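Residues per chain are reported as follows:
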Amino acid sequence: MIAFNRVTAGYSAPDGSQIDILHDLSLSIETGEFVTIMGTNGSGKTTLVRLCNGLLTPFSGTILVDGLDISAADPGQIMAVRRLVGMVFQNPENQIVSTTVEREIAFGLENLGMPHAEMHLRVEEVLQQFDLEKYRFRPPAMLSGGEKQRLAVAAVLAMNPHYLIFDEPTSLLDIQQRKKLLQFMQSLWQDSAETHTIINVTQFPEEALFSSRLIIIDDGKIVLDGPPKEIFLQIEILQEIGINPPIEFLVFKALSHRYDQVTSIDDLLLSPII
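Colleague: Help me understand the confidence of the model for the chain in this model?
Modeller: Segments scoring low in pLDDT should not have their predicted coordinates read at a detailed level. Per-chain confidence: the chain averages 89 in pLDDT, with 93% of residues scoring 70 or above. Within the chain, no element has a lower average pLDDT than helix α9 (residues 247-258), which sits at 79, and none a higher one than strand β9 (residues 213-218), at 98. Ignoring residues within four places in sequence, the model shows residues 270-274, a span with pLDDT below 50, making eleven contacts including any to other chains.

Colleague: For this particular structure, what's the right way to read the environment of E248?
Modeller: Positionally, E248 belongs in helix α9. On a C-alpha basis, the gap between E248 and D74 in space is 47 Å, while along the polypeptide they are 174 residues apart.

Colleague: Would you take a moment to explain the side chain of E104 for this structure?
Modeller: Checked against the element boundaries, E104 lands in helix α3 (residues 101-111). Of the side chains with opposite charge, R103 lies nearest to the buried E104, which makes no salt bridge, at 8.6 Å. At 2.9 Å, the side chain of E104 forms a polar contact with the backbone nitrogen of S98. Discounting chain neighbours no more than four positions away, the residues touching E104 are Q95, I96, V97, S98, L151 and A155.

Colleague: Whenever I open this one, the sheet that holds strand β3 (residues 34-38) confuses me. Can you help?
Modeller: Think of a sheet as strands paired side by side through backbone hydrogen bonds, with each pair either parallel or antiparallel. Spatial strand order, β6-β7-β8-β3-β9-β10: six strands in an open sheet with mixed pairing. Every interior strand has two partners, whereas the edge strands, β6 (85-88) and β10 (221-226), have only one. In this sheet, neighbouring strand axes are inclined to one another by 20° on average, regardless of whether the strands run parallel or antiparallel. With five bridges joining them, strand β7 (residues 163-167) and strand β8 (residues 197-202) adopt parallel strand pairing. Paired with D167 across the two strands is V201, which belongs to β8. Each of β3, β6, β7, β8 and β9 touches helix α1 (residues 45-52); the most contacted strand, β7, lies at about 150° to it. Helix α2 (residues 75-84) contacts β6 and β7 of the sheet and is inclined by roughly 65° relative to β6.

Basis of the calculations
Residues numbered from 1 in each chain as written. Predicted model: local features only at pLDDT ≥ 70, side-chain atom pairs only at ≥ 80, totals over all residues. Heavy atoms only, no water. pLDDT = per-residue confidence, 0-100. Helix = DSSP H or I, 4+ residues; strand = E, 2+ residues; numbered from the N terminus. Contact = heavy atoms within 4.5 Å. Buried < 20%, exposed > 50% of the residue type's maximum accessible area, 1.4 Å probe, protein only. Lys, Arg positive; Asp, Glu negative; His and termini not counted. Salt bridge = Lys/Arg side-chain N within 4 Å of Asp/Glu carboxyl O. Polar contact = N/O pair within 3.5 Å; in protein donor to acceptor, adjacent residues only side chain to side chain. Pairing = 2+ DSSP bridges. Axes fitted to C-alpha atoms, helices over the stretch in contact; angles between N-to-C directions.

Right, here's the structure in full:
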């Protein structure tokens, strides 16, 4: 479980002053959840997930990841947390460091000190799982945007983290690539929900329909938290903070006021449309 208890966090300005982004925030994310985090630019969603794996430490409050205390800023504990919490960034080029696809997948495993024979087997398994075998000796720079994103996910998953965080991973992808990545997230979660937690940060409301829980952040505070279908029916609150729900929910709200037979969003929402 990832547990935030009254966390205030942000950044230090050049003059040494403290810029708060999250304000007295408390939150628990259980093992096995698929959580989407949404908010407008500057709301605090990226700050929140960077706290989850120790890229940031809080100004006050506590953060525990499976009992390990990130807020203590102990280097040993933070390194242990980073083995548990993998992160895929918005731009895969910001995290790809190796000269070939094969070396990129092996890179994190080497840092974990995995024995060579075991590492070789793990690399082969991941290359097959992500359909990257034909690119194994290719420089990552020669891959397409979708292939780079797939490689970034593969390299993180190779280390078998308990928590997998995607920080706006679809913002640079086309519609078809977005859908494939979201379907992959959902299948990964369904296949390993007992051991893995998925956290997806996005500005695309349609993506939340793939998850089991939606958290809305505004001005560093949690405004709404619950199943996506319930959250998206709170249209007035969402629009007030600058978020428009998927079009199906706007249509449902309008029709339900006029037609008694339209009683459930499922009448309109047959499948997520990306």
